[in-house]
Amino acid sequence: MPDIGVEIPARTVVTAEHMLFDAPREQRYLIGNEAVAEAVKRANVDFVVVYPITPQSEVSHLCGDLWARGLIRDYYRGEDELHVMVSAMGAATGGVRVFTATSGPGTMRAMEAISCWPGYRLPLVCAFMGRGVGTPANIQPDSVEIAYLLETGMIIFHVENPQDFFDMTIAAYAIAEQPEVHVPVAVFADGFFVTHSREVVELPPESEVLARYDPAVAPVPAMDMETVPVRMARDCLVIKSNFISYNANASWQQEVWAAQHRARKHINRLMGGSVEVLHPDAEILLVASGSAAAQARVAMQEARRQGLDVGFVKIKVIRPFPEREVVEACKKAKHILIPEFNMNGWLAREVKSRVDNNSRIFAGPRVFAGMTMPPELILDEMHKLVGART
Amino acid sequence: MDVIKPAPGFEDILPLEYQELVADGPYGRSLGVKDLGTFKELIEDHPLCAGCNLTLSFRLLLASLPKPEDTLIVTTAGCFGVIHPQIALHASIAPFGTQNAFASGLTRAMRIRFPEKQKDVITIGGDGSFADIGMAPTTHSWFRGEKFASFMLDNECYANTGGQASGMTPEGVVLNMAPKGKSFDKIPFVEIAKLAGCAYVATASPTKPRQVESMVRRAILVAREVGPTFVRLACVCATNYKLTPIEAHRKSKELVSQTDEYMTEAAREYLESLEGAA
Amino acid sequence: MNFEASTDLRERANIRMSGLGGQGLVTAATLLGMAAVSEGRFSTVVPFFGAEKRLAPTESYVRIASERIHECGEVTYPDVIVVFHADVIVEDKCFTMPFYSGFRKGGWLVINSETPVVSDRDLARLEALEAHIVYVPAAQIARDVAGTELASNMAILGALAGATGVATLAGLEAALAQRFGAEKFIASGTTAVLDDVLRRKYSRTKELIDKNMASIRTAFDMTKSPER
């Protein structure tokens, strides 16, 4: 711990439930990046390793400051995202609580490591701050990154605003570290629209922190030579060419996805469910996630003011996908619009593959590559759709 | 050490293999290469080629660990990957070439969790995983001064994928993907290790077991207190260089004709303080 | 859909600020948001910039409301447009094009310039939109009052508040104290570096705040409409 003459405040250990639901909250005027750093501060994180990339850099700086103040135990700027994510993996395998963050091209570079996290059964939390990937180069907001993360085995939350970014990051640690879950959580925030949007965020006291991570609860022992060293690596089952090996590998993969499903009850407990539904009996339903949900929410309010019968479903949790809740919420709607901040419409595909009669679904509007989707655009599409179909 | 021992009453239901490790393994016993054949080794029965010098290096390396009961091994893809799951220590396979990035995080985690206890983290990789695909994370772990030892099993090619030329293949050698002969000479990785801040750098040949032992121990001891360390184990691939086991052994011996050991002043002082006392 | 400008900008205001990188418009936008929050209203601020550093087109969007704001991203239908540099409209150095697209009827246009710069064609359009146009010689005010052109953004902010009533002087003063006086403020990119330059220019934080406030106040008084 560096001696920089800063007094480190004594902190009280509280439960995630207390922090999320009972603790008094103070209003602060913060950008999304600061909100997630405030969550890291209260999550009693041991180790942060990061590499700078727009629009994620601010949280990387802030975690460095937290380390300098003794509020996290170790920190460094790595050499690139792949090796940052491997280092995070090494530390989490060693049984400490880890935070990292990246964005767009960084996610793509780190994908080999990220795809290994769930199989290692690591409860680390990574903030993804979505921006465009590929060519043409683009630093602006885009949620296409989630499409690449969908089948990694990670739990994925999609935040609507900086307040969500704080609350869902705290919940992420509590959920990821459940013994029957113990897989990583991706907390995804749309770049700039959330990461750089400044608004009032309500925070519990800085003097309260989660209890330290206890690796003894992990379903796979920490790598520390404090448990029995059997002749079998914790993460390397299918190196031998025989049926038992392949079978072990197959069931290991199934177990990762089963662990995701076991997270549902904790998601319900700590996040009030995987979806937020307003006016479920409405004729027209807007289904969205992330900052597209914010725009859809405003479009719904305005549409209702204009006399349209419109409801709203915000999908907070993308993995495990809240299939039952979405099917239930979509039961009565005649028209379903799915506004998204990406070109390909991955959320529409997720919904379409689950609900009945998906000709009801209009997979749009979609705006991408940094462009803005004003609520007026969603409203306009709603009017067109209702006009054309009724 | 207590971790190794089964709770009373459970001894006989454990696999024979494990019972033998408890009764006769190297944990907490300061054994070395001279004792090979007299104790239950951390690694036995490998599935690699006959005459494999890399496997011999691996065996000698494990027999030389100063404190096996607190040693954590990070490896990566390579022929040794098939030996890896049989090591009777906590070991993990990092994505190819990323072993030193993994060990950077792991070492820091050990320091956070066990500030009073020495945990020896070591990385083991091939020439490709250190000098080609893993050049950046390896050298950056050294620039950062990460305190763990790195061991390169230099068989001068990619053997696991079918005998391709690597950066550590000598110039002119014809291997897969170098059909006209490798176009440049061996990457001067030992020199790079010195420039990148390693406190101890050595090259050993598995044909000299006592030398391997000395260098492995020194690398691990220096990494505890002084800084990063690196040992290259020269073990040319018998199969892909089309050598008989005897020829491969001879070649590995020729590759390290003289003692090649470098250490910083701080490392020398530290080793003298330890070895003088011993 | 309602494309009339908000009649009470303290109840609801969508503000688009357009300028060039380095002019401090992200800082001005943040101060405006902070002022609204300090007065008990809601506000969100979204900066929009590319990978370029100085002199590239930059925008910031401020939403102010008496109730919680959910909408994010760019302000597409502004009640107020603030032009930080004449080049934004003269040379079309702007992110949003055509520049007045989405401008609501009866809105406010605040321009940093000592002389009129709106083209005749645009003037006709603005007249049709019944826009209120306000000019502020911000660089001159900043030089005269604060002793540095770096305070131009403060003068623009003062003029914006004075002309539209979207923030009070007390609110802006509270915002300044919070932005430059309180604990570490998280600024993005080169803004943090410029902050340090500014701090070095003034030996004490209080002087920094006072000089900035003086720029704000001068411009505020200059543009304040008599009925307020």
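Cut-offs used in this document
Residues numbered from 1 in each chain as written. Chains lettered and ligands numbered in written order. Predicted model: local features only at pLDDT ≥ 70, side-chain atom pairs only at ≥ 80, totals over all residues. Heavy atoms only, no water. Salt bridge = Lys/Arg side-chain N within 4 Å of Asp/Glu carboxyl O. Helix = DSSP H or I, 4+ residues; strand = E, 2+ residues; numbered from the N terminus. Buried < 20%, exposed > 50% of the residue type's maximum accessible area, 1.4 Å probe, protein only. Pairing = 2+ DSSP bridges. Contact = heavy atoms within 4.5 Å. Axes fitted to C-alpha atoms, helices over the stretch in contact; angles between N-to-C directions. Buried area = accessible area lost by both parts, 1.4 Å probe. Disulfide = S-S within 2.5 Å. 1 Å grid on protein atoms, 1.4 Å probe; cavity = no way out; pocket = protein on both sides within 12 Å on 5 of 7 lines; lining within 4 Å. Points joined across faces, edges and corners; volume = space filled by probe spheres on them. Nonpolar A, V, L, I, M, F, W, Y, C, P; charged D, E, K, R; others polar. Left-handed = near helix turned anticlockwise from the far one by under 90°. Core = buried A, V, L, I, M, F, W, Y, C linked by side-chain atoms within 4.5 Å. Polar contact = N/O pair within 3.5 Å; in protein donor to acceptor, adjacent residues only side chain to side chain.

(A) Layout of the pattern of salt bridges. Residues and elements named next belong to chain B. Within this structure, the stated rule accounts for 63 salt bridges over all chains. Here Lys-40 ties to Glu-17 by a salt bridge, and the two come within 3.1 Å at their closest N and O atoms. Taken together, the residues span a long stretch of sequence, with Lys-40 in the loop between helix H1 (16-24) and helix H2 (53-63) and Glu-17 in helix H1 at a distance of 23 residues. Here Lys-40 falls in the buried class, since its relative accessible area comes to 7%. Residue classification places Glu-17 among the partly exposed positions, given a relative accessible area of 31%. Across the pair Lys-186 and Asp-154 runs a salt bridge whose closest N-O atoms are separated by 2.8 Å. In this pair, Lys-186 sits in the loop between strand S4 (149-154) and helix H6 (189-195) while Asp-154 sits in strand S4, placing the two residues 32 residues apart along the sequence.

(B) Structural context of the sheet that holds strand S16 (residues 361-362) of chain A. Residue and element names in this part refer to chain A. Reading across from one edge, S11-S13-S12-S15-S16 is the order of the five strands in this open sheet, with mixed pairing throughout. Edge positions in the sheet fall to strand S11 (275-278) and S16, since each of these pairs with one other strand and no more. Sheet analysis places strand S12 (residues 284-288) next to strand S13 (residues 310-315), joined by five bridges and oriented parallel. Residue pairing for S13: Leu-285 is matched across the bridge by Gly-311. Helix H11 (residues 290-305) contacts S11, S12 and S13 of the sheet and is inclined by roughly 165° relative to S13.

(C) Quick peek at the arrangement of the chains. Contacts are most numerous, across the two pairs of chains in contact, for chains A and B. There is no contact between chain B and chain C; across them, the least C-alpha separation is 26 Å.

(D) Focus on the interface of chain B and chain A. In this assembly, 54 residues from chain B lie in contact with 41 residues from chain A. Summed over both sides, the interface of chain B with chain A buries roughly 3,600 Å², with 61% coming from carbon and sulfur. Interface area lost by chain B to chain A is led by His90(B), Ile112(B) and Arg113(B), which between them contribute 19%. Our enumeration of links across chain B and chain A arrives at six salt bridges. With a closest N to O distance of 2.8 Å, Glu226(A) and Lys117(B) form a salt bridge.

(E) Main features of the environment of Thr27(C). All names here are of chain C. One can find Thr-27 in helix H1 (residues 25-38). Taking the relative accessible area as the measure of exposure, Thr-27 reaches 9% and is therefore buried. Residue contacts for Thr-27: discarding those within four places in its chain leaves Asn-153, Met-154, Arg-179, Phe-180 and Thr-191.

(F) Region of interest: the state of the cysteines. Residues and elements named next belong to chain B. Per the stated rule, a full pass over the model turns up zero disulfides over all chains. Free of any disulfide, Cys-157 has its nearest neighbouring cysteine sulfur in Cys-237, separated by 4.2 Å. In this structure Cys-157 comes out as buried when scored by relative accessible area, which is 3%. Considering cysteine sulfurs only, Cys-235 is the nearest to Cys-198, which forms no disulfide, with 18 Å between them.

(G) Structural view of empty space enclosed by the protein. Counted under the stated rule, the structure contains four cavities of 30 Å³ or more. Of the volumes computed, that of the largest cavity is approximately 100 Å³. Along the wall of the largest cavity there are 13 residues; nearest its centre are Pro26(B), Phe39(B), Leu42(B), Leu62(B) and Ala63(B). Split by residue class, the lining of the largest cavity holds 10 nonpolar, one polar and two charged. The computed volume of the second largest cavity comes to approximately 50 Å³. If you trace the second largest cavity, you find it lined by Glu160(A), Asn161(A), Pro162(A), Phe193(A), Ser197(A), Glu199(A), Ala294(A), Arg68(C), Ile69(C), His70(C) and Cys72(C). Residue classes in the lining of the second largest cavity are distributed as five nonpolar, three polar and three charged.

(H) Structural detail: the packing of helix H4 (residues 138-146) of chain C against helix H5 (residues 152-164) of chain C. All names here are of chain C. For the pair H4 and H5, interaxial distance at closest approach is 8 Å and the crossing angle is 115°. The hand of the H4/H5 crossing is right-handed. Here Ala-138, Ala-139, Ile-141 and Ala-142 of H4 lie close against H5, whose contacting residues are Ser-152, Ala-155 and Ile-156.

(I) Quick look at the nonpolar core. Residues Ile315(A), Val351(A) and Phe151(B) are the most contacted members of the largest nonpolar core, which totals 119 residues. In this view, Ile315(A) contacts His158(A), Ser274(A), Val275(A), Val287(A), Ala288(A), Ser289(A), Phe321(A), Pro322(A), Val326(A), Leu347(A) and Val351(A); residues no more than four positions away in its chain are not counted. With 57 residues, the next largest nonpolar core counts Val14(A), Phe99(A), Leu203(A) and Ile186(C) among its residues.

(J) A look at the interface of chain A and chain C. The partner chain C presents 30 residues to the 33 residues of chain A that form the contact. With both sides pooled, the region where chain A packs onto chain C buries about 2,600 Å², and carbon together with sulfur makes up 59% of that total. Considering only the side of chain A, the residues that lose the most area to chain C are Tyr29(A), Arg198(A) and Glu376(A), jointly responsible for 25% of the buried surface there. Among the ionic pairs, Glu376(A) bridges to Arg104(C), the shortest N-O distance being 3.7 Å. Applying the counting rule to chain A against chain C returns four residue pairs in polar contact (both at pLDDT 80 or more). The set of elements that each furnish at least two residues to the side of chain A that touches chain C consists of strand S2 (26-31), helix H3 (57-68), strand S9 (198-203), H11 and helix H14 (375-389) of chain A. By residue number, the principal contributor to the side of chain A that touches chain C is H11(A), which donates six residues.

(K) Just the pairing of S9(A), in detail. All names here are of chain A. Of all six residues in S9, five are buried; the element is thus mostly enclosed. Pairing of S2 with S9, which is carried by six bridges, proceeds in the antiparallel orientation. Each bridged residue has a counterpart across the sheet, and for Arg-28 the counterpart in S9 is Val-201.

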